[in-house]
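# Structural characterization, general
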Amino acid sequence: DIEEDYKKAYEFITEAMELQQRNRQEKIINYEINRLILGINIKNKEYKVNIEKDYLEIINYPGGRELLDKCNEKISPNLKKWLEKNKM
């Protein structure tokens, strides 16, 4: 089931982000991008709690807006729909 795969990936990425923060490693914005896309695509509301936080982290990161634009075009049409719906 693709939804279950998305949930597992979301949880794995969240754990990696927590480890990164605990170890005070340099931020890897790809985690936020992937979690944002997964959060948008997972139907369960529990996985949508970090969408806006991740979005803000991405656009405030140098080059983050450009990365989002590339994801819109190639990876996640649902990301574009979410951005338009939320006027981001």
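Below is a short write-up of the structure. (Residues numbered from 1 in each chain as written. Predicted model: local features only at pLDDT ≥ 70, side-chain atom pairs only at ≥ 80, totals over all residues. Heavy atoms only, no water.)

### As for the overall build of the chain
A tally of helices and strands in the chain yields five helices and zero strands. Reading the helices (α) and strands (β) of the chain from amino to carboxyl end gives α-α-α-α-α. Its C-alpha radius of gyration of 13 Å places the chain within 12% of the 12 Å reference for a compact globule of 88 residues. Projected onto its principal axes, the C-alpha positions of the chain cover 35 × 35 × 20 Å. (Helix = DSSP H or I, 4+ residues; strand = E, 2+ residues; numbered from the N terminus. Rg over C-alpha atoms; globule rule 2.2 N^0.38 Å.)

### Some thoughts on helix α1 (residues 2-22)
Given a rise of 1.5 Å per residue, 21 residues ought to cover 30 Å, and the 30 Å separating the end C-alpha atoms of α1 matches this to within 8%. Looking at the buried side of α1, the elements it contacts are α2 (29-41) and α3 (51-59). Where α1 begins, the capping side chain belongs to Asp-1, and its oxygen is found 3.2 Å from the backbone nitrogen of Glu-3. Looking one or two residues beyond α1, the residue adopting positive phi is Arg-24, at roughly 55°. (Expected span 1.5 Å × (residues − 1). Contact = heavy atoms within 4.5 Å. Polar contact = N/O pair within 3.5 Å; in protein donor to acceptor, adjacent residues only side chain to side chain.)

### Topic: the packing of α2 against α3
Where α2 contacts α3, the two axes come as close as 9 Å, and the packing angle between them is 145°. As α2 runs across α3, the sense of the crossing is left-handed. Mapping the contact onto sequence places Ile-29, Glu-32, Ile-33, Arg-35, Leu-36, Gly-39 and Ile-40 in α2 and Ile-51, Lys-53, Asp-54, Tyr-55, Glu-57 and Ile-58 in α3. Along the lines of polarity and charge, the residues of the contact of α2 with α3 split into seven nonpolar, one polar and five charged. (Axes fitted to C-alpha atoms, helices over the stretch in contact; angles between N-to-C directions. Left-handed = near helix turned anticlockwise from the far one by under 90°. Nonpolar A, V, L, I, M, F, W, Y, C, P; charged D, E, K, R; others polar.)

### So, the side chain of Lys-7
Relative to the elements of secondary structure, Lys-7 occurs in helix α1. In this view, Lys-7 contacts Ile-42, Asn-44 and Tyr-47; residues no more than four positions away in its chain are not counted.

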